[in-house]
Amino acid sequence: MTCVVGLGCQRGCEVHILLALFEAALAEGGIDRQRITALASLDRKQNEPGLLDLARLLELPLQCFSATQLAVYQDRLSHKSAVAFAHTGCYGIAESAALALAEQFTNAPARLLITRQKNAQATFALACSD
């Protein structure tokens, strides 16, 4: 099973905030960190220092998708954010990105194992595909 984490964050979100959300969500979901294959986000976030630092810290690749690529997942989201749509053109970055990357890796349908988790500056979701 391939599991990937989707992340969204505010500009300037620091790595320790992302790491705390990452670790708390995995602990709550009972998912071992070693099962995570990669991180995913929106292409506008590809140069976001906190995301890049998290990918380096966890030694995981970070793959980013355009809003158009993520929009196809909107009917599968647990939560649709009008605010996210207004800023990015997609209703949910973390869940959409996680689904997109899991399906890209396996060429098979993915499902959300951990739906959108959030703190004040970031969102997290975990998708897996067989």
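The shown structure was predicted, so the numbers you read here are calculated from the model rather than taken from an experiment.

Chemist: Would you explain the sheet that holds strand β2 (residues 36–42) in this entry?
Modeler: Pairing between sheet strands relies on hydrogen bonds along the backbone, with the strands arranged either parallel or antiparallel. Spatially, β3-β2-β1-β5-β4 is the arrangement adopted by the five strands of the open sheet, whose pairing is mixed. Strands at the two margins of the open sheet, each flanked by one partner only, are β3 (62–65) and β4 (110–118). The sheet shows a mean angle of 25° between the axes of neighbouring strands, direction not considered. Contacts from helix α1 (residues 15–29) reach β1 (2–9), β2, β4 and β5 (122–129) within the one sheet, and its direction differs from that of β5 by about 45°. In the packing of helix α2 (residues 49–58) onto the sheet, contacts are made with β1, β2 and β3, and the angle to β2 comes to roughly 175°.

Chemist: Just checking my understanding: could you explain the UniProt feature "domain: CobE/GbiG C-terminal" (unreviewed entry) in the chain for this structure?
Modeler: When the UniProt feature table is mapped onto this chain numbering, "domain: CobE/GbiG C-terminal" (unreviewed entry) sits at residues 4–127. Taken end to end, residues 4–127 comprises 41% helix and 26% strand; its first and last C-alpha atoms sit 6 Å apart.

Chemist: Explanation requested: α2 in the structure shown.
Modeler: Since the α-helix packs 3.6 residues into each turn, any two residues three or four apart lie on the same face. Within α2, the full set of buried residues consists of Gly50, Leu51, Leu54, Ala55 and Leu58. Around the axis of α2, the buried residues are gathered within 135° of arc, so they sit on the same side. Where α2 is buried, its residues touch β1, α1, β2 and β3. Phi turns positive one or two residues past the end of α2, at Glu59, with a value near 55°.

Chemist: Is there a simple way to think about the nonpolar core in this case?
Modeler: The nonpolar side chains of a soluble globular protein tend to be buried, and buried together. One finds Val5, Phe22, Leu26, Ile36, Leu39, Phe124 and Leu126 to be the most contacted residues of the largest nonpolar core, which totals 24 residues. Every element with two or more residues in this core is listed here: β1, α1, β2, α2 and β5. If sequence neighbours within four positions are ignored, Leu39 has contacts with Val5, Leu7, Phe22, Leu54, Ala55, Leu58, Leu60, Pro61, Leu62, Gln63 and Leu101. Listed in part, the 21 residues of the second largest apolar core include Tyr73, Ala94, Leu101 and Ala102.

Chemist: Before we go on, may I ask you to explain the state of the cysteines in this structure?
Modeler: Disulfides are covalent bonds that connect the sulfur atoms of two cysteines. By the definition in use, this model includes one disulfide. Cys90 takes part in no disulfide bond, and the closest cysteine sulfur, belonging to Cys64, lies 12 Å away.

Calculation rules
Residues numbered from 1 in each chain as written. Predicted model: local features only at pLDDT ≥ 70, side-chain atom pairs only at ≥ 80, totals over all residues. Heavy atoms only, no water. Pairing = 2+ DSSP bridges. Helix = DSSP H or I, 4+ residues; strand = E, 2+ residues; numbered from the N terminus. Axes fitted to C-alpha atoms, helices over the stretch in contact; angles between N-to-C directions. Contact = heavy atoms within 4.5 Å. UniProt positions renumbered as here; feature names shortened; annotations may be inferred. Buried < 20%, exposed > 50% of the residue type's maximum accessible area, 1.4 Å probe, protein only. Arc of directions from axis to C-beta. Core = buried A, V, L, I, M, F, W, Y, C linked by side-chain atoms within 4.5 Å. Disulfide = S-S within 2.5 Å.

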